[in-house]
Amino acid sequence: MKITLSKKSKIGNVDFENLEFGKIFTDHIFVSKYSNGQWSEGEIMPYGDFLISPSARVFHYGQAIFEGMKCYKSENNSLILFRPDENFKRFNKSSARMAIPEIDKEVFFNGLTHLLKLDSEWVKKGDGNALYIRPFVFASEPSINASEANEYIFMIICCASKSYYGDQKIKVKIEEKYSRAAKGGVGYAKAAGNYAAQFYPTLLAKNEGYQQIIWTDSNNHKSIEEAGTMNLFFRIKDKLITSPTSDSILDGITRKSIIELAQSFNIDVEERPITIDELMSSFEKGELKEIFGTGTAVVVLPIESFGYKNKDYKIPEIENPFSIKLKKKLNDIQYDRSLDFGDWKLKIT
Ligand code: COI
């Protein structure tokens, strides 16, 4: 593989203690191109701007998808990827839905491992520290014909990160007007446009003091789906409930890991639809003990309160919340302090 090294590393200028999510990128990127029906082997080059035609289809029709994954550093300096096969599978599942040619496993993993080895200094030890990896693919063919492209670019960029919201708890708003995803749509895919479509309703929610939206089903806004950057778990009495994945809900890798970890602690987990009515009645009865989100960027994020029909509902503080116990176990695996749980860790070095 061709590798062009950056002339000077930027790492010396980075304040790793005060990182804003998604702003500080490592020295190198991986790039592979698709044309004439195949992906190139790809190459590594310095992170930097690149030229692209103004008529590239991605700008006009949004044909683009991405993944989010993390690399962790253990106490003895191993680099560890968490369930990367799952990200790879979902990458191609998202691509297939957006009529983007699937990427070869070899190209994906060769590019990724070379890149991580090269920029390994950027992965810092300690809970909360990780390298956030963003593989993405977009339609680069210069043509505004409204159909799938014949040329694509696949890239992997990486940024130094802490968890998305740090240690804060967040406030969320249950959405009853706008929808994130419809049946038969692209809600399960990490399609770029899925995220863009959330920005406006989320901006309205932010103006009311919330950080995120709890999306409800697009038919009648009665059933809870996900929160856009995370899947959701509700602890009612001592049971954890999470909506089943579907064509309108992202099949979160952290979500499925948390389900397995909870079961290993003998916590009862139900994957079933949960309605706003059930949520409200369990709140009124004092049975709603926790709500938390799960995702690569947010990890496990407790929710402090939720807004519904212009009223806020605060979740009472409890001792030994499931969210903390599950997050700790997850972190122990990710930072290699605990044995693997199935086949979850891929050691790069
Ligand atoms: C992730 O958790 O990796 C996501 O994709 C959410 C992101 C939009 C911040």
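Keep in mind that this is a model prediction, so the values were computed, not measured.

**Describing the packing of aromatic side chains**
Right, on to step 1. Scanning all chains against the criterion turns up 26 aromatic pairs.
Right, on to step 2. Between Trp39 and Phe154 the ring centres are 6.3 Å apart and the planes differ by 75°, which places this aromatic pair in the edge-to-face class. Taken together, the residues span a long stretch of sequence, with Trp39 in strand E3 (residues 38-39) and Phe154 in strand E9 (residues 152-161) at a distance of 115 residues. Neither Trp39 nor Phe154 differs from the other in exposure class; each is buried.
Right, on to step 3. Judged by centre distance (5.0 Å) and plane angle (80°), the rings of Tyr164 and Tyr165 are edge-to-face.
Right, on to step 4. Under the relative-accessibility criterion, Tyr165 is labelled buried at 16%.
Right, on to step 5. The structure contains a cluster of three or more aromatic residues connected by ring pairs, namely Phe30, Tyr34, Trp39, Phe88, Phe91, Phe108, Phe109, Tyr152 and Phe154.
Right, on to step 6. The side chain of Lys124 reaches across the aromatic face of Phe16, ending 4.7 Å from its centre.
Right, on to step 7. Positioned over the ring face of Tyr210 is Lys171, at 5.3 Å from the centre of the ring.

**Considerations on the domain arrangement of the chain**
Buried accessible area, meaning the area lost when the parts come together, often serves as the stated size of an interface.
Right, on to step 1. Each assigned domain of the chain is listed with its residue range as follows: domain 1 (2-162) and domain 2 (170-334).
Right, on to step 2. A straight line from the C-alpha centre of domain 1 to that of domain 2 covers 27 Å.
Right, on to step 3. Taken together, the contact pairs 21 residues of domain 1 with 23 residues of domain 2.
Right, on to step 4. Taken together, the two surfaces of domain 1 and domain 2 that pack against each other cover about 2,000 Å², and 59% of this comes from carbon and sulfur.
Right, on to step 5. The largest share of the area that domain 1 buries against domain 2 comes from Phe82, Arg90 and Arg97, three residues that together contribute 31% of it.
Right, on to step 6. Our count for the contact surface shared by domain 1 and domain 2 stands at 12 residue pairs in polar contact (both at pLDDT 80 or more).
Right, on to step 7. The set of elements that each furnish at least two residues to the side of domain 1 that touches domain 2 consists of strand E5 (64-66), strand E6 (69-73), strand E7 (79-82) and helix H2 (84-97).
Right, on to step 8. A per-element tally of the side of domain 1 that touches domain 2 places H2 first, with 6 residues.
Right, on to step 9. For the side of domain 1 that touches domain 2, the class distribution of residues is 10 nonpolar, 3 polar and 8 charged.

**Remarks on the layout of surface pockets**
Right, on to step 1. Empty space within the largest pocket amounts to approximately 970 Å³.
Right, on to step 2. Every residue lining the largest pocket is counted, 41 residues in all, and those nearest its centre are Tyr164, Tyr195, Phe199, Gly228 and Thr229.
Right, on to step 3. Contributions of two or more residues to the lining of the largest pocket are made by strand E8 (130-139), E9, helix H4 (192-207), strand E11 (212-214), helix H5 (253-264) and strand E15 (288-295).
Right, on to step 4. When residues of the lining of the largest pocket are assigned to their parent elements, the largest contribution, 8 residues, is made by H4.
Right, on to step 5. Among the residues forming the lining of the largest pocket, the class breakdown is 21 nonpolar, 14 polar and 6 charged.

**Regarding empty space enclosed by the protein**
Right, on to step 1. Here the structure, examined in full by the defined rule, presents 2 cavities of 30 Å³ or more.
Right, on to step 2. There is about 100 Å³ of room inside the largest cavity.
Right, on to step 3. Only E6 and H5 provide two or more residues apiece to the lining of the largest cavity.
Right, on to step 4. Ranked by residue count, the leading element in the lining of the largest cavity is E6, at 3 residues.
Right, on to step 5. Grouping the amino acids of the lining of the largest cavity by side-chain chemistry returns 5 nonpolar, 6 polar and 1 charged.

**Some details on the site of the ligand**
Right, on to step 1. Around the ligand, the surrounding shell consists of Phe66, Gly68, Tyr132, Arg134, Tyr164, Lys190, Tyr195, Thr296 and Ala297.
Right, on to step 2. In this structure, Lys190 approaches the ligand through a side-chain N or O atom, which is 2.6 Å from an oxygen atom.
Right, on to step 3. At a separation of 2.8 Å, an oxygen atom of the ligand approaches a polar backbone atom of Ala297.
Right, on to step 4. Expressed as a share of its isolated accessible area of 280 Å², the protein-covered part of the ligand is 91%.
Right, on to step 5. Looking at side-chain class alone, the shell around the ligand contains 5 nonpolar, 2 polar and 2 charged residues.
Right, on to step 6. Looking at which domains feed residues into the shell around the ligand, each of domain 1 (2-162) and domain 2 (170-334) supplies at least three.

The rules behind each value
Residues numbered from 1 in each chain as written. Predicted model: local features only at pLDDT ≥ 70, side-chain atom pairs only at ≥ 80, totals over all residues. Heavy atoms only, no water. Phe/Tyr/Trp six-rings, centres within 6.5 Å; stacked < 30°, edge-to-face > 60°. Helix = DSSP H or I, 4+ residues; strand = E, 2+ residues; numbered from the N terminus. Buried < 20%, exposed > 50% of the residue type's maximum accessible area, 1.4 Å probe, protein only. Lys NZ or Arg CZ within 6 Å of the ring centre and 35° of its normal. Domains from an automatic or database assignment. Contact = heavy atoms within 4.5 Å. Buried area = accessible area lost by both parts, 1.4 Å probe. Polar contact = N/O pair within 3.5 Å; in protein donor to acceptor, adjacent residues only side chain to side chain. Nonpolar A, V, L, I, M, F, W, Y, C, P; charged D, E, K, R; others polar. 1 Å grid on protein atoms, 1.4 Å probe; cavity = no way out; pocket = protein on both sides within 12 Å on 5 of 7 lines; lining within 4 Å. Points joined across faces, edges and corners; volume = space filled by probe spheres on them. Near = heavy atom within 4 Å. Areas by Shrake-Rupley, 256 points an atom, 1.4 Å probe, with all protein chains shown as cover.

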